[in-house]
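Read off the chains here:
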Amino acid sequence: MTEFAKMWEDRFGLEADTAAKHLNPTIEGLLTRRVCRTFAEKDIDGGLLDLLLACAQSAPTKSNLQQYSIVAVRDPATRRKIADLVPSMPWIADAPVFLAFLGDVRRIRRLAALRGHDYANDNADTFMNACVDAALAMQMFIVAAESAGLGCCPISYIRNRIADFADLLGLPDGVFPIAGLCVGWPANDGYVSMRLPPDVVVHRETYDDSDLEAGVGDYDERNHARFPLPPGKQRHTERYGVLEKCTWSENVSRQLSLPERDGFAAFLKSKGISLG
Ligand SMILES: Cc1cc2nc3c(=O)[nH]c(=O)nc-3n(C[C@H](O)[C@H](O)[C@H](O)COP(=O)(O)O)c2cc1C
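Cut-offs and rules
- Residues numbered from 1 in each chain as written.
- Predicted model: local features only at pLDDT ≥ 70, side-chain atom pairs only at ≥ 80, totals over all residues.
- Helix = DSSP H or I, 4+ residues; strand = E, 2+ residues; numbered from the N terminus.
- Rg over C-alpha atoms; globule rule 2.2 N^0.38 Å.
- Contact = placed C-beta atoms within 7 Å.
- Buried ≥ 20, exposed ≤ 12 C-beta atoms within 10 Å, placed from the backbone.
- Pairing = 2+ DSSP bridges.
- Axes fitted to C-alpha atoms, helices over the stretch in contact; angles between N-to-C directions.
- Domains from an automatic or database assignment.
- Near = placed C-beta within 6 Å.
- Nonpolar A, V, L, I, M, F, W, Y, C, P; charged D, E, K, R; others polar.
- Core = buried A, V, L, I, M, F, W, Y, C linked by C-beta atoms within 7 Å.
- Expected span 1.5 Å × (residues − 1).

### Considering the overall build of the protein
- Assigned secondary structure in the protein consists of 13 helices and four strands.
- For 276 residues, the compact-globule formula gives about 19 Å, and the C-alpha radius of gyration of the protein, at 21 Å, lands near that figure.
- Excluding contacts between residues fewer than 6 apart, the proportion of contacts in the protein whose partners are at least 24 apart in sequence is 76%.

### A look at the pairing of strand E2 (residues 97-104)
- By the criterion of burial, E2 is predominantly enclosed, with eight of the eight residues buried.
- Burial along E2 is two-sided: the residues Val97, Leu99, Phe101 and Gly103 and Phe98, Ala100, Leu102 and Asp104 are all buried.
- Note: strand E1 (residues 68-73) against E2, six bridges, orientation antiparallel. Looking at the pairing, Ile70 lines up with Phe101 of E2.
- Sheet analysis places E2 next to strand E4 (residues 175-184), joined by eight bridges and oriented antiparallel. Note on E4: the bridge partner recorded for Phe98 is Cys182.

### Notes on the sheet that holds E4
- Here four strands make up an open sheet; going across it, the order is E1-E2-E4-E3 and the pairing antiparallel. The sheet is open, and its two borders are formed by E1 and strand E3 (151-155), each paired with just one other strand. Each strand axis lies, on average, 25° off the axis of its neighbour in the sheet, ignoring direction.

### A closer look at the domain arrangement of the protein
- Each domain of the protein was delimited in the assignment, giving domain 1 (1-32), domain 2 (46-190) and domain 3 (193-260).
- Relative placement of domain 1 and domain 2: their C-alpha centres are 30 Å apart.

### Quick look at the site of the ligand
- Taken together, the residues surrounding the ligand are Arg34, Val35, Arg37, Met89, Cys153, Pro154, Ile155, Ser156, Tyr157, Ala179 and Ser193.
- Here the shell around the ligand takes three residues from E3, the largest share from any one element.
- Classifying every residue of the shell around the ligand gives seven nonpolar, two polar and two charged.

### Topic: unusual backbone geometry
- Not every positive phi belongs to a glycine, and Ser63 is a case in point at roughly 55°.
- You can see Ser63 is positioned in the loop between helix H3 (46-57) and E1.
- Judged by local crowding, Ser63 falls into the exposed class, with 8 C-beta atoms found within 10 Å.
- One non-glycine residue, Arg261, adopts positive backbone phi at about 45°.

### Quick word on the environment of Leu256
- On the secondary structure map, Leu256 appears in the loop between helix H12 (248-255) and helix H13 (264-270).
- The exposure class assigned to Leu256 is exposed, which follows from the 10 C-beta atoms found within 10 Å.
- When the C-alpha positions of Leu256 and Arg235 are compared, they lie 9.4 Å apart, and in sequence the two are 21 residues distant.

### Concerning the nonpolar core
- Within the largest apolar cluster, 41 residues are counted, with the highest numbers of intra-cluster contacts made by Phe101, Leu102, Cys152, Leu181, Cys182 and Val183.
- Secondary-structure elements contributing two or more residues to this core are H3, helix H4 (76-85), E2, helix H7 (124-147), E3, helix H8 (162-168) and E4.
- The greatest single-element share of this core, amounting to seven residues, is contributed by H7.
- Beyond its immediate stretch of four places on either side in the chain, Cys182 contacts Trp91, Ile92, Ala95, Phe98, Cys152, Cys153 and Ile155.

### Overview of H7
- Helix length check: H7, at 24 residues, gives a terminal C-alpha distance of 35 Å against a target of 34 Å (1.5 Å per residue), a fit within 8%.
- What H7 keeps buried is the set Thr126, Asn129, Ala130, Asp133, Ala134, Ala137, Met138, Phe141, Ile142 and Ala145.
- Buried residues along H7 sit in contact with H3, E1, E2, E3 and E4.
- Among the residues trailing H7, Gly149 stands out with phi positive, at a value near 95°.

This is how it looks when you write it as structure tokens:
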């Protein structure tokens, strides 16, 4: 098997049907990337962190509005407090750097006031733009960090304790958490997660999901053969029980059968974010 065929097989559990001739180191890095949740006890040089943050700021941003901020947390005491908000995820305390990626509509509101203009865009579109900006910045950071040998783990679980997290970082009105990111040196290789087949996710010319059941069924089989879900990773077993074979589609359906973070809209409102 060629190296490219192995990358494709790892990512999709399928035979590669795309030409390998276009490969380059960036693409190889992306095809083989994986989340990191086990970090070595080793700090990150401040110069390197600043460089990676500059890469994050190089992300595309809607109309160059730059409606996001990043809080970089290195202080072990603060990282400990963040980790304590999410006790099920000890990797938060283990990583030497924790970044909070935030939607930030405060900056432009302040600038509008400074320039003497009305601000007329408290709406869902602004919220969406801020989320996309922050997400792209986070992903640019991840790509740059992984190219430098670092490992990263996004953390949406901070939104389970969103008000406490916002207080901890001193977030004012107009600034809201989108995701955290643990950053550190990987203590092991981790593994490549298998993704849905391209045919299920990528539609050609028009949207067509008529083959969804078959496509996901095959993926469920391949994924289960490689990564059988142990009882501890099966969702809501108290309600649905433990299965010998708990497939991806079963598990994600279980997960979303109960509301998650349904206090988010109320939190946004409390921070002066309007979705109207
Ligand atoms: C927005 C976002 C939030 C995430 N939140 C968490 C989290 O709270 N805790 C965690 O351990 N992993 C989290 N992850 C990591 C995903 O679980 C991981 O990316 C996914 O399982 C696929 O694995 P891979 O990145 O190795 O391909 C998050 C990822 C994203 C993009």
